[in-house]
Amino acid sequence: MTCLVVAEGESDEGFVKGLAKKLGVEVKVLKTRGNRPDKAIRIVKAALAVQDYSKVVVLKDQHESSEEAVRKKLQIIIAGVQHKHVHAIIVKRAVEAWILAGMGIHSAESIEKPDDYLDTVLKQRGRGSYIKSLEKARQLAEEIDLQVAQKLSSTLREFIDRLRDP
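First, a word on scope: everything that follows refers to the structure included in this document. Since we're looking at a predicted model, the values are computed, not measured.

1. Details of the overall build of the protein
For step 1, the next point in the chain: Along the backbone of the protein there are eight helices and four strands.
For step 2, the next point in the chain: Starting at the N terminus, the α and β elements of the protein follow one another as β-α-β-α-β-α-β-α-α-α-α-α.
For step 3, the next point in the chain: Against the compact-globule benchmark of 15 Å for 166 residues, the protein has a radius of gyration of 15 Å, which places it among compact chains.
For step 4, the next point in the chain: Along the first, second and third principal axes, the C-alpha atoms of the protein reach 45 × 35 × 25 Å.
For step 5, the next point in the chain: When the 166 residues of the protein are sorted by exposure, 49% land in the buried category.
For step 6, the next point in the chain: For the protein, the proportion of contacts with a sequence separation of at least 24, taken over those separated by at least 6, is 64%.
For step 7, the next point in the chain: If you sum the accessible surface of the protein, you get close to 8100 Å²; carbon and sulfur atoms cover 48% of it.

2. Considering the packing of helix H1 (residues 10-23) against helix H6 (residues 134-143)
For step 1, the next point in the chain: Between H1 and H6, the least distance of the axes is 7 Å, while the angle of their chain directions is 35°. The crossing of H1 and H6 is right-handed. Two secondary-structure elements touch here, H1 through Glu 10, Ser 11, Glu 13, Gly 14, Phe 15, Lys 17, Gly 18, Leu 19, Lys 21 and Lys 22 and H6 through Leu 134, Ala 137, Arg 138, Ala 141, Glu 142 and Glu 143.

3. Focus: the pairing of strand S4 (residues 86-91)
For step 1, the next point in the chain: Counting buried residues along S4, five of its six residues qualify, which places the element largely inside the surrounding structure.
For step 2, the next point in the chain: One ladder, built from six bridges, connects strand S3 (residues 55-61) with S4; its direction is parallel. Its bridge partner being in S4, Val 56 is matched across the sheet by Val 86.

Rules and cut-offs
Residues numbered from 1 in each chain as written. Predicted model: local features only at pLDDT ≥ 70, side-chain atom pairs only at ≥ 80, totals over all residues. Heavy atoms only, no water. Helix = DSSP H or I, 4+ residues; strand = E, 2+ residues; numbered from the N terminus. Rg over C-alpha atoms; globule rule 2.2 N^0.38 Å. Buried < 20%, exposed > 50% of the residue type's maximum accessible area, 1.4 Å probe, protein only. Contact = heavy atoms within 4.5 Å. Areas by Shrake-Rupley, 256 points an atom, 1.4 Å probe, with all protein chains shown as cover. Axes fitted to C-alpha atoms, helices over the stretch in contact; angles between N-to-C directions. Left-handed = near helix turned anticlockwise from the far one by under 90°. Pairing = 2+ DSSP bridges.

Take a look at the structure:
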């Protein structure tokens, strides 16, 4: 059965789709495009009204927010979603940190602006620029080393575990 993943934007959606393909897991990705728990709850409830999903995983980028502030928003979303298998995961900074971890960059989750750092790394490796987009994030997710990524990113390891867990 398909897993419903709630993410924030285009690059998040691309990363999730690329990772799911790499893992051989079926996902449906919904974008919240914003920071409002009530909007995320409405989107999830609407999706659950028309289709049954094995689980719901809500990803929330931390960016510059405190972990406690992000955790509070996720708790509101979990409380508002009526599903027996709903999980919330804080993405340390942004999904670009997960990509960096998969490229072997240590402490990727502590990099202040992982998208800028990813751009620098790609240029250094002769792979062009990083422009936030669904397609670029999907491509990079399909190319990362999952074993390395899971060793270097505890939050990505948690997300992968949630996707794989029936």
